[in-house]
There are 2 protein chains.
Amino acid sequence: MRKPPRILDAQTIAKTRLFHVEQMDLEFSNGVIVQYERLKGSSRGAVLAVPMLDADTVLLIREYAAGVQRYELALPKGRIEPGEDLLEAANRELAEEVGYAARKLRHITSLTVAPGYLSHTTHVVLAEDLYPSKSIGDEPEEIEVVPWRLSRLGELLECEDCTEARSIAALFMVRELLRDDN
Amino acid sequence: MRKPPRILDAQTIAKTRLFHVEQMDLEFSNGVIVQYERLKGSSRGAVLAVPMLDADTVLLIREYAAGVQRYELALPKGRIEPGEDLLEAANRELAEEVGYAARKLRHITSLTVAPGYLSHTTHVVLAEDLYPSKSIGDEPEEIEVVPWRLSRLGELLECEDCTEARSIAALFMVRELLRDDN
């Protein structure tokens, strides 16, 4: 394994309510020095839940996505709050966004979003044995819940509003995992 | 389909070499007004190439990822430059990062990274019929090229340095597409 670059300098160059931009001077093992910028995310990270209503039916949500300024069909996700572990965070997001909680939760992988310039990590949690449990989150409007069959994943990927890479990766991984389980 | 929120106000609140933070006041169709922040990416977007050396072997790269401060194993990608179309951009990135160009290129899907707060879109390009073609990009050190068999995708996902959601989603999608082709 290659020796990672040495961080010669790192400083915050912009900070807003949501974003924290850090500028870094890095020296690679060959002596080349480059200036990089990255966004620092929460060190706790985020969770993405894959709620299975039954062995084939996953519950997606259609929610307004301010980054791309349209509604997006994807898995429920959100930040881990202080004091929560990642399974607790997944179950809270589920109750807020989907109206269910899960008796069986397992962390199946952790994904990065854009590791070249974001520090963010998203932990993928498979949620099974669901039961109705609704709590109020900070959503500005009611979220539409869309059941979808994993056996029809190909059709989902043809929907114009289903584009989010973490959700797509997680759906494929869960489909494989559940096949292996059975 | 729900009516998307009305943008009451949008302004730049931070701008660095790489990042452009926009603050927006949005009024949802139920009258609720919320303030959002998002990152604006290049309107041209980025490309992610899936270079197939043969029907089962994809060429990955292991490159330093400043966002997470470690080497990451993923598909080659980069921004679309002014005047390029997305297939040209994919072929240029391939030559710079992998040392190949492709005679056969097709756009198979477009992914978003974090649509809740990033405007970024990444176009996935399947690259086949490769031939050696090396050009010099802006990389600070030589990039390690790692051939991997799609038939062993499960083992790849167990590697600690393979976490990038767009690459994982694209590999699953290409594996399905190539199965359907044959």
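Residues numbered from 1 in each chain as written. Chains lettered and ligands numbered in written order. Predicted model: local features only at pLDDT ≥ 70, side-chain atom pairs only at ≥ 80, totals over all residues.

Trainee: For this particular structure, what's the right way to read the overall build of chain A?
Mentor: Along its length, chain A carries 3 helices and 10 strands. N-terminal to C-terminal, the α/β element order of chain A is β-β-β-β-β-β-β-α-β-β-β-α-α. With the C-alpha coordinates of chain A rotated into their principal frame, the extents come out at 55 × 40 × 35 Å. By residue count, 41% of the 182 residues in chain A fall in the buried class. Of the contacts formed within chain A by residues at least 6 apart in sequence, a portion of 60% connects residues at least 24 apart. (Helix = DSSP H or I, 4+ residues; strand = E, 2+ residues; numbered from the N terminus. Buried ≥ 20, exposed ≤ 12 C-beta atoms within 10 Å, placed from the backbone. Contact = placed C-beta atoms within 7 Å.)

Trainee: I tried to follow the sheet that holds strand β7 (residues 77–79) of chain A on my own but got confused; where do I start?
Mentor: In any sheet, the strands associate via hydrogen bonds between backbone groups, in a parallel or an antiparallel arrangement. All names here are of chain A. If you trace the 4 strands from one edge of the open sheet to the other, you get β7-β4-β9-β8, paired in mixed fashion. One side of each edge strand has no neighbouring strand; the edge strands of this open sheet are β7 and β8 (100–112). Direction aside, the axes of adjacent strands within the sheet are offset by 25° on average. Note: strand β4 (residues 46–51) against β7, 3 bridges, orientation antiparallel. (Pairing = 2+ DSSP bridges. Axes fitted to C-alpha atoms, helices over the stretch in contact; angles between N-to-C directions.)

Trainee: It is not clear to me how the pairing of strand β3 (residues 33–39) of chain B should be interpreted in this structure. Could you clarify?
Mentor: Residues in a regular strand point their side chains to alternate faces of the sheet. All names here are of chain B. The sheet contact formed by strand β2 (residues 20–27) and β3 spans 7 bridges and is antiparallel. Looking at the pairing, Glu 22 lines up with Arg 38 of β3. Connecting β2 to the antiparallel partner β3 that follows it, the hairpin turn spans 5 residues, and Gly 31 within it adopts a positive phi of roughly 95°.

Trainee: Can you help me understand the interface of chain B and chain A in this one?
Mentor: The extent of an interface is frequently quoted as the accessible surface area lost upon association of the parts. Across the boundary between the two partners, chain B contributes 51 residues, which contact 51 residues of chain A. When residues of the side of chain B that touches chain A are traced back to their parent elements, those giving at least two are β1 (6–15), β2, β3, β5 (57–65), β6 (70–74), β8 (100–112) and α3 (165–181) of chain B. Per-element accounting of the side of chain B that touches chain A gives the leading share, 6 residues, to α3(B). Residue composition of the side of chain B that touches chain A, grouped by class: 32 nonpolar, 10 polar and 9 charged. (Nonpolar A, V, L, I, M, F, W, Y, C, P; charged D, E, K, R; others polar.)

Trainee: Quick question: what am I supposed to make of the environment of Asp138(B) here?
Mentor: Residues and elements named next belong to chain B. Topologically, Asp 138 is positioned in the loop between β9 (121–132) and β10 (144–149). We classify Asp 138 as exposed; it has 7 C-beta atoms within 10 Å. In this structure the C-alpha to C-alpha distance between Asp 138 and Tyr 64, which are 74 residues apart in sequence, comes to 13 Å.

Trainee: Explain the relation of the copies chain B and chain A here, please?
Mentor: Relating one copy of the chain to the other takes a rotation about an axis and a shift parallel to that axis. It takes a turn of 180° to lay chain B on chain A, together with a shift of 0.0 Å along the axis; the resulting RMSD is 0.0 Å. Expressed as a symmetry operation, the mapping of one chain copy onto the other fits a two-fold axis. Looking at the rotation axis and the C-alpha trace of chain B, the residue lying nearest is Ala169(B), at 2.2 Å. (Least-squares fit on C-alpha atoms with pLDDT ≥ 70 in both.)

Trainee: How should I be thinking about the nonpolar core in this particular structure?
Mentor: For soluble globular proteins, nonpolar side chains are generally found buried alongside one another. Ranked by internal contacts, the top residues of the largest apolar core, which has 83 residues, are Val50(A), Ala127(A), Ala169(A), Val50(B), Ala127(B) and Ala169(B). When neighbours within four sequence positions are excluded, Ala127(A) is seen to be in contact with Ala49(A), Val50(A), Pro51(A), Met52(A), Ala90(A), Leu94(A), Ala102(A) and Leu105(A). (Core = buried A, V, L, I, M, F, W, Y, C linked by C-beta atoms within 7 Å.)

Trainee: What is the right way to look at the confidence of the model for chain A in this model?
Mentor: Low-pLDDT portions of the prediction should not be read for the details of their coordinates. Averaged over every residue, the pLDDT of chain A is 95; residues scoring 70 or more account for 100%. At the level of chain-chain contacts, confidence expressed as ipTM amounts to 0.96, with global pTM at 0.97. (pLDDT = per-residue confidence, 0-100.)

Trainee: Please clarify how the packing of helix α3 (residues 165–181) of chain A against α3(B) should be interpreted in this entry.
Mentor: Each pair of packed helices gets described by two things: the angle between the helix axes and the distance between those axes. At a minimum axis distance of 8 Å, the contact between α3(A) and α3(B) shows a crossing angle of 50°. When the axes of α3(A) and α3(B) are compared, the pair comes out oblique. In the packing of α3(A) onto α3(B), the handedness of the crossing is left-handed. Between α3(A) and α3(B), the residues in contact are Ala165(A), Arg166(A), Ile168(A), Ala169(A) and Phe172(A) and Ala165(B), Arg166(B), Ile168(B), Ala169(B) and Phe172(B), respectively. Taken together, the residues that form the contact of α3(A) with α3(B) break down as 8 nonpolar, no polar and 2 charged. (Parallel < 35°, antiparallel > 145°, perpendicular 65-115°, else oblique. Left-handed = near helix turned anticlockwise from the far one by under 90°.)

Trainee: What am I meant to see in the environment of Pro147(B) here?
Mentor: All names here are of chain B. Structurally, the position occupied by Pro 147 is in strand β10. Exposure remark for Pro 147: the 12 C-beta atoms within 10 Å place this residue in the exposed category. Along the sequence, Pro 147 and Met 52 sit 95 residues apart, while their C-alpha atoms lie 9.2 Å from each other. With residues up to four places along the chain from it excluded, the contact list for Pro 147 reads Leu 53, Thr 57 and Leu 59.

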